[in-house]
Amino acid sequence: MDLSILSYQFMQNAILAGLLGGVACSLIGVFVVTMNLSFIGVAISHAAFAGALCGAWLGFNPLAGAFLFSLVAAVVIGPLADRGEFNPDTPIGIIFSVTMGMAFLFMGLLPGPKTQALELLWGSILTVNDRDLLLLAVVAAVVVSLVVLFFKEIQAVIFHREVALAVGIPASLIFYGLLFLTGSVITASLRSIGGLLIFNLILNPAAAAYQLTYNLRLMFILSSLFGVLSTWTGLFLSAMFDLPSGATIVIVSAVIFVITASFSPKRKVKKWEEEVSTGPGKALFK
């Protein structure tokens, strides 16, 4: 690839968007992975995509529609997960199916060519503008600030939500805040990564970091590094081989996860636990 491409404004914008989006998505991903809410990214990303298409259909800013729909999805998922007598994946699955149907409905109602809908579906980090960067910067700054300021409270909620609530930590507020931040991050990253792929960038770097450490602070750091590495590597590969940028970024993040999972020290621990539980020395651990 000709390095002179780095002198172009669109490429500089894309690199900055990769940094901001990679950090924001991967930090949110740590919450999603450690709290066993992996499907949440799928549901809220489809809600954001449906909202963006609704905005395009009605003639207002698609990102405003994406933010509104993702916020509504987060507001609905929270109480259902709290008050319903079922796993949070159930209400999340309901939101996912409804918003997917709405997305296809609004796509069908859009007059003329579906170019704008396809851009929102697949994303293009090479087309982000100053307004997109500002939104990404604000969201990334908010996410990083909240993680730093409320790390101990977040750690307690991740460890055991009910115990955290019992000792006076506003666990429900933190949980709802997580859903709200997830919607905000997805909305901010919608144009660069795309509604169909964004939840993969949330999950994959965090899942890769989870393979390497039990330390939550280190997990946040590793997840951020993997997120930025995924976006920058995917960006340069897409520019070099003329590939779709969003899809390339997600594939790179998946490759990073496979590599970390292959060399994960947790695999050895799990294998040792299985040998202890089935081997002749298991009586020593009773």
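Structure's up top.
Described below are features of the structure shown in this document. All values derive from a computational prediction rather than experimental measurement. Each chain has its residues counted from 1, following the order in which its sequence is written. It should be noted that, the model being predicted, local features are given only for residues of pLDDT at least 70 and side-chain atom pairs only at 80 or more, the latter also being counted only at that level, while totals for whole chains, interfaces and linings use all residues. Computation of side-chain values covers all heavy atoms of the structure but excludes hydrogens and water.

1. A closer look at the side chain of Asn13
Per the convention used, a helix needs a DSSP run of H or I reaching at least four residues, while a strand needs a run of E reaching at least two, with both numbered from the N terminus. By the element assignment, Asn13 lies in helix α1 (residues 9–34). By definition, residues are in contact when any of their heavy atoms lie within 4.5 Å. Contacts of Asn13, omitting those with residues within four sequence positions, involve Val128, Asp130 and Leu133.

2. What about the nonpolar core?
Residues grouped as a nonpolar core are buried Ala, Val, Leu, Ile, Met, Phe, Trp, Tyr and Cys residues, joined through side-chain atoms within 4.5 Å. Type-normalised accessible area, obtained with a 1.4 Å probe on protein chains alone, sets the label of each residue: buried when under 20%, exposed when over 50%, and partly exposed for intermediate values. One finds Ile28, Phe31, Leu37, Leu53, Val143 and Phe220 to be the most contacted residues of the largest nonpolar core, which totals 87 residues. With 13 residues, α1 is the largest single contributor of residues to this core. In this structure Phe31 touches Val147, Ile154, Ile158, Leu178 and Phe220, once residues within four positions along its chain are discounted.

3. Some words on the packing of helix α9 (residues 171–193) against helix α10 (residues 198–210)
Only C-alpha atoms enter the line fits that serve as axes; for helices the fit covers just the stretch in contact. Angles between N-to-C directions range over 0 to 180 degrees. Taken N-terminus to C-terminus, the directions of α9 and α10 make an angle of 110°; their axes are 9 Å apart at the nearest point. In terms of orientation, α9 lies roughly perpendicular with respect to α10. Every residue of α10 that contacts α9 at Ile186, Ser189 and Ile193 is listed here: Ile198, Leu201 and Ile202. Amino acids outside the nonpolar list (Ala, Val, Leu, Ile, Met, Phe, Trp, Tyr, Cys, Pro) and the charged list (Asp, Glu, Lys, Arg) are all regarded as polar, and Gly is one of them. Its residues assigned to classes, the contact of α9 with α10 shows five nonpolar, one polar and no charged. Throughout, the term roughly parallel applies to angles under 35 degrees, roughly antiparallel to angles over 145, roughly perpendicular to angles from 65 to 115, and oblique to all others.

4. Describing helix α2 (residues 40–58)
Look at α2: 27 Å from first C-alpha to last across 19 residues, which is about the 27 Å you get at 1.5 Å a residue. In terms of residue burial, α2 counts as a mostly covered element, since 17 of its 19 residues are buried. Gly59 occupies a position one or two residues after α2 and carries a positive phi of about 90°. One less than the residue count of a helix, multiplied by 1.5 Å, gives the span that helix is expected to have.

5. Description of the environment of Val128
With respect to the helices and strands, Val128 occurs in the loop between α5 (115–122) and α6 (130–149). Assessed through its relative accessible area of 6%, Val128 is described here as buried. In this structure the C-alpha to C-alpha distance between Val128 and Ser189, which are 61 residues apart in sequence, comes to 9.8 Å. Contacts of Val128, omitting those with residues within four sequence positions, involve Asn13, Ala14, Ala17, Leu133, Arg191 and Ser192.

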